[in-house]
Amino acid sequence: MKILHLSTHQGGGAGVACLRLHDALLEAKTDSKVLSIFGKENKERNVFSLEANPGEINFKSIRRKDKWKRYLQAWKVRFKGKPKELFSFPDSLWRMEEHPLVKEADIIHLHWVAGMIDVERFFEKINKTVVWTLHDAWPFTGGFHYESYFNTKPFASISNPMLEIKRKAYDRKDITIVAPSRYMTELCRASAVFLTQSHLDIPNSVPASVYYPRNNRDELRKRLGIKENERALFFASAELEYFRKGADLLLDAFSSYKNEKVKLFIAGKKGSRNLSSDSRIHFTGHITDEYQFAELLNACDALVHTSREDNFPNVILESLFCGTPVLSIDKGGVSEMVNNENGILTNEEDLKEGFDLILGKNFNRTKIASEAQAVFSSKVQAVRFIQLYQQLSS
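Note that the structure is a prediction, hence the values are computed from the model and not measured.

> Which residues make up the packing of helix H8 (residues 247-255) against helix H11 (residues 351-360), and what values go with them?
Between H8 and H11, the least distance of the axes is 8 Å, while the angle of their chain directions is 75°. In terms of their interaxial angle, H8 and H11 are classed as roughly perpendicular. Across from Leu249, Leu250, Ala253 and Phe254 in H8, the residues of H11 making contact are Leu351, Lys352 and Phe355. Among the residues making up the contact of H8 with H11, the classes are represented as six nonpolar, no polar and one charged.

> Got a sec to walk through the pattern of salt bridges? Specific residues and values, please.
Enumeration over the complete set of coordinates arrives at 29 salt bridges. As a salt-bridge pair, lysine 43 and glutamate 41 come within 3.9 Å of each other at their nearest N and O atoms. Assessed through its relative accessible area of 25%, glutamate 41 is described here as partly exposed. We note a salt bridge from glutamate 230 to lysine 263, for which the minimum N-O separation is 3.8 Å. A residue pair is termed long-range when its members are at least 10 positions apart, and glutamate 230 in the loop between helix H7 (217-223) and strand E8 (231-239) and lysine 263 in strand E9 (residues 262-269) qualify at 33 residues. Connected through salt bridges with shared partners, the residues Arg95, Glu97, Glu98, Asp118 and Arg121 form a single ionic network.

> So what about unusual backbone geometry? Which residues, and what values?
Excluding glycine, a negative phi dihedral is what most residues carry, and trans is how most peptide bonds are arranged. At asparagine 46, a position not held by glycine, the phi torsion is positive, near 60°. Inspection of the secondary structure assignment puts asparagine 46 in the loop between strand E2 (31-38) and strand E3 (47-49). Not every positive phi belongs to a glycine, and arginine 172 is a case in point at roughly 60°. Along the chain, the position of arginine 172 falls in the loop between helix H5 (156-170) and strand E6 (175-179).

Reading the values: the criteria
Residues numbered from 1 in each chain as written. Predicted model: local features only at pLDDT ≥ 70, side-chain atom pairs only at ≥ 80, totals over all residues. Heavy atoms only, no water. Axes fitted to C-alpha atoms, helices over the stretch in contact; angles between N-to-C directions. Helix = DSSP H or I, 4+ residues; strand = E, 2+ residues; numbered from the N terminus. Parallel < 35°, antiparallel > 145°, perpendicular 65-115°, else oblique. Contact = heavy atoms within 4.5 Å. Nonpolar A, V, L, I, M, F, W, Y, C, P; charged D, E, K, R; others polar. Salt bridge = Lys/Arg side-chain N within 4 Å of Asp/Glu carboxyl O. Buried < 20%, exposed > 50% of the residue type's maximum accessible area, 1.4 Å probe, protein only.

This is the structure we're talking about:
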């Protein structure tokens, strides 16, 4: 049974989740491969990239045409008003259905594939069983990847025809929908797009070999300049200017939080965002080393998560695996991860009060880590997907 995962990117939350599942399947001796457009190739790891083989498919020429087409499409959307969320069209110049790895696979496992597959052509041409993990809502929307927190009506003349293309493409196709959270599953069911397909929930996992409680936590804190009488909060987002991630909510709340004994560490690409002259705020920049990221989580007293909408955030799982409690705005699938034993759920208005609540509660970090690793382990995830693949193949 040959499994092929398709993911536009190897980075980002969805790309990372895809690779982690792939590694878990390899560990379980499953014939699993990953094919992406962008990213590095690692044949020993069964990870393949179009970008890494530009001569084979005239990559540069297709990429140039694709960038120009997507530039025009972006203007088409912006003409209706600047959206607060990413919008992707369902067409693509890449012909993934013709790739040798696609042709040889028994099961195609789609992940975040906006811009990678031409939805209409892909499902018309392939005659294979498809599993599709919903890393966001794009597979069942007209183009937005999330859309519950802002007004999408101005974009209806663009998104409605795109949604109809998807409905027709999926109709009666052999697709099984998997979502990391019940929240995303219910959103998908309510959309009435995948009407003839089955749905189930299989949570993501993170590698316990990287994310675990460190024994040298005092040393890590000292290295970061956190004094014995100080507390530290941590926030991470790939792009701080990404409106959905709510960095603005965090900074507004923290600027009015006058506790001088609390530091805030922020990881991500700052862009043009002004982090102010608040000496309590420490910007780490974008962290690519997972071990360094895990050490930061270990050193801090709590992770703060402020997304306006989210599915099943990797960073919350990573924090829990390290035993670090989570303060999060109660949106999306977060309530399926955070409870009174491992964190606190709040809302946008009470975020500032949440700082004192999360720092004032005595959490059992060892218990947080052990329970997270038991429920969301890579072995559990791999077993569930292998069972699904076998069921679909029988």
